[in-house]
Structure formats: structure tokens, C-alpha cells
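Survey of secondary and tertiary structure
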Amino acid sequence: MNRYKKIHKYIFVGIISSCASIPFKVYADNIWSYHQQIDSLNNQTYSYAESPLPKPGLYDNIVLSIVCKDHRLQSLIETDELIASQGSNFGVEYQVDQHTPIALSMKTMSDSKRKGYTEKEATSMATALLTGQAVFIKVNTMIRTTLSSSISLDNAVTTIRQVMADCQTDKITINERDTSYQLNDFERDFKQLSDKQQQLILGKLKQLIQESR
């Protein structure tokens, strides 16, 4: 009898030891992470900021990524469930903290029914993610069901800014903002200033012109 007890004890200890050696993902401590990989098709490096997974059982498994590929910014969503057939459009809605929800259209990849992306809305979405603590996402699937998840934005600012820098998104935005202000705009705004403010502006303009010569 004692021999059987010893055997059962060894089996139990063996099971516990095996379970302890199995790696697992700590969902509660997950944060946004930055990655670089090589595209095997064109041998070019691309980077992406990837969101953590939600805690098991609370939401659907949705991973959100901000990607810089071929010098273009993309927002990419990947789920465990079917979204739509390859190359099809589908609706997405996201809400950062308590801000107004934003609806947009994504397109599934040509080789996947579970991944979708957008380039058109990528910059505005990435910028919105920099401002909050969490983002709530809804994905409308082809069978008229809705997948949803709340994603923490812990460490999102650092990783997303790195991806945007890889694509020079910040630089492009600044250049576009600078060139959008024309002489007509300045004259219009200048006329709305008081005499004292106009003299102050003219004085600074004169100093800039003299320094640039």
C-alpha cells in the first residue's frame, strides 16, 4: 500500500513540476512593445508598435498595431475570429478614453480573413492613441457580429512615436503645417491685431529679415 502512495506522490510531483516549466503570458503586465522585422518578399525592414492582449475572458482577442512599412504608416488589427473575406472592407470604431468614438473603414489582407488595415486613417488614429490611457475597439464582422476589446495604452506613446519617427510622420506633418500658412493668411490675421501688436510683429519681422541676410 505504501508503495502505491509513493508512486502517486511521484506522479503528482511530476505533474506539478511540468506545469511550472510551461511558459505563460502575463496579461496584466503586458504593455505596448516596439518591434522590427524583415519582409521576406522584398528583404526590407519594417517596424511596428503592438498592443498587449486583454485579460482572458473579459474581451475578444484583438491586437492593434501601428506599422511603418515601405515608408507608409498603417493601422493594423488582428483577431482570433473571422472578420471578412480577403480584400474586403469592414467597419471599425474606436474610442480613446471618454472622447468621441471614431468610425473608420479597414480592409482585410489579401492572404488573411483575420487581419485588416488602413493607411488613410493611420496617422490620425496613431495620434489619437498618444493622448489617452486606454482605447476601446469594435470590429464589425461579415456575419454581423461585433468583436470588442479594451486595450491599455501603457507605453504606447514611446513605441508609437518610434514607429512614426521611422516613417518620418512627424516631419511630414510639420512641413505640411508650415507650408499651409500663406502670405494672404498672414495679411488677414495681421489686420485683426491691435496697433501695438502690429508694431511688435513688424519689429520681429524686421529683425528676422536682417539676421537672414
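Quick notes on the rules
- The residue numbering used here restarts from 1 in each chain and proceeds along that chain's sequence as written.
- Per-residue local features of the predicted model are confined to residues with pLDDT of at least 70, and side-chain atom pairs are confined, for both listing and counting, to 80 or more; whole-chain, interface and lining totals are unaffected and use all residues.
- In computing side-chain properties, one takes all heavy atoms of the structure into account and sets aside hydrogens as well as water.
- Helix and strand assignments follow DSSP, with helices taken as H or I runs no shorter than four residues and strands as E runs no shorter than two, numbered in order from the N terminus.
- When accessible area is computed with a 1.4 Å probe and restricted to protein chains, residues below 20% of their type maximum are described as buried, those above 50% as exposed, and intermediate ones as partly exposed.
- Residues count as neighbours in contact if any of their non-hydrogen atoms are within 4.5 Å of one another.
- Accessible surface is estimated by sampling points in the Shrake-Rupley manner with a 1.4 Å probe; for residues, cover comes only from the protein chains shown.
- Confidence of the predictor in every single residue is expressed as pLDDT, which spans 0 to 100.
- Whether two strands pair depends on DSSP finding at least two bridges between them.
- By the criterion applied in these results, polar contacts are pairs of N or O atoms within 3.5 Å in which, for protein atoms, one can donate a hydrogen and the other can accept it, and in which residues neighboring in sequence qualify only through two side-chain atoms.
- By definition, a salt bridge exists where a carboxyl oxygen of Asp or Glu is found within 4 Å of a side-chain nitrogen of Lys or Arg.
- The criterion for a disulfide is a pair of cysteine sulfur atoms lying within 2.5 Å.
- We define the nonpolar core as a collection of buried residues of types Ala, Val, Leu, Ile, Met, Phe, Trp, Tyr and Cys that are connected through side-chain atoms lying within 4.5 Å of one another.

Remarks on the overall build of the protein chain
Helix and strand counts for the protein chain come out as six helices and nine strands. Out of the 213 residues belonging to the protein chain, those deemed buried represent 29%. Considering only intrachain contacts with a sequence separation of at least 6, the fraction spanning at least 24 residues in the protein chain is 51%. In the form shown here, the protein chain has an accessible surface area of approximately 14,700 Å², with 52% of it arising from carbon and sulfur atoms.

Some thoughts on the confidence of the model for the protein chain
The predicted model of the protein chain has a mean per-residue pLDDT of 80, with 77% of residues at 70 or higher. For residues 1–28, every residue scores under 50 in pLDDT, and the model assigns this stretch seven contacts once sequence neighbours within four places are set aside.

Concerning the pairing of strand S7 (residues 115–118)
Within a regular beta strand, the side chains point alternately toward one face of the sheet and then the other, so they alternate between its two faces. Of the two faces of S7, the one lined by Gly 116 and Thr 118 is fully buried and the one lined by Lys 115 and Tyr 117 carries no buried residue. The sheet contact formed by strand S4 (residues 72–79) and S7 spans four bridges and is antiparallel. Paired with Ser 75 across the strands is Thr 118, a residue of S7. Relative to S7, strand S6 (residues 102–108) is paired through two bridges, and the arrangement is antiparallel.

Observations concerning the side chain of Thr 79
Examined against the element boundaries, Thr 79 turns out to sit in strand S4. Within the structure, the side chain of Thr 79 is placed 2.6 Å from the backbone oxygen of Glu 81, a separation counted as a polar contact.

So, the pattern of salt bridges
Applying the stated criterion across every chain yields a total of two salt bridges. Taking the shortest distance from any N to any O, the salt bridge between Lys 69 and Asp 39 comes out at 3.3 Å. Here Lys 69, found in strand S3 (residues 62–69), pairs with Asp 39, found in strand S1 (residues 33–39); they are 30 residues apart in sequence, far enough to count as distant. Here Lys 69 falls in the partly exposed class, since its relative accessible area comes to 25%. Linking Arg 72 and Glu 119 is a salt bridge whose minimum nitrogen-to-oxygen distance equals 3.3 Å. Here the residue Arg 72 occupies a position in strand S4, and Glu 119 occupies one in the loop between S7 and helix H2 (122–129), the gap between them amounting to 47 residues. Judged by its relative accessible area of 42%, Arg 72 falls in the partly exposed class.

A look at the state of the cysteines
This structure, assessed with the given rule, holds one disulfide. Bridging Cys 68 to Cys 167, the disulfide has an S-S length of 2.0 Å. The disulfide joining Cys 68 to Cys 167 has a torsion of about 105° about its S-S bond and is therefore right-handed. Remark: Cys 167 occurs in the loop between helix H3 (156–166) and helix H4 (169–179) and Cys 68 occurs in strand S3; sequence separation between them is 99 residues. Each of the two residues, Cys 68 as well as Cys 167, counts as buried.

As for the nonpolar core
Across soluble globular proteins, nonpolar side chains show a tendency to be buried alongside one another. In this structure, Trp 32, Leu 129, Ile 137 and Ile 160 are the most contacted members of the largest nonpolar core, which totals 33 residues. When residues of this core are traced back to their parent elements, those giving at least two are S3, S4, strand S5 (89–96), S6, H2, strand S8 (134–140), strand S9 (146–152) and H3. Considering each element in turn, this core owes the most residues, five residues, to H2.

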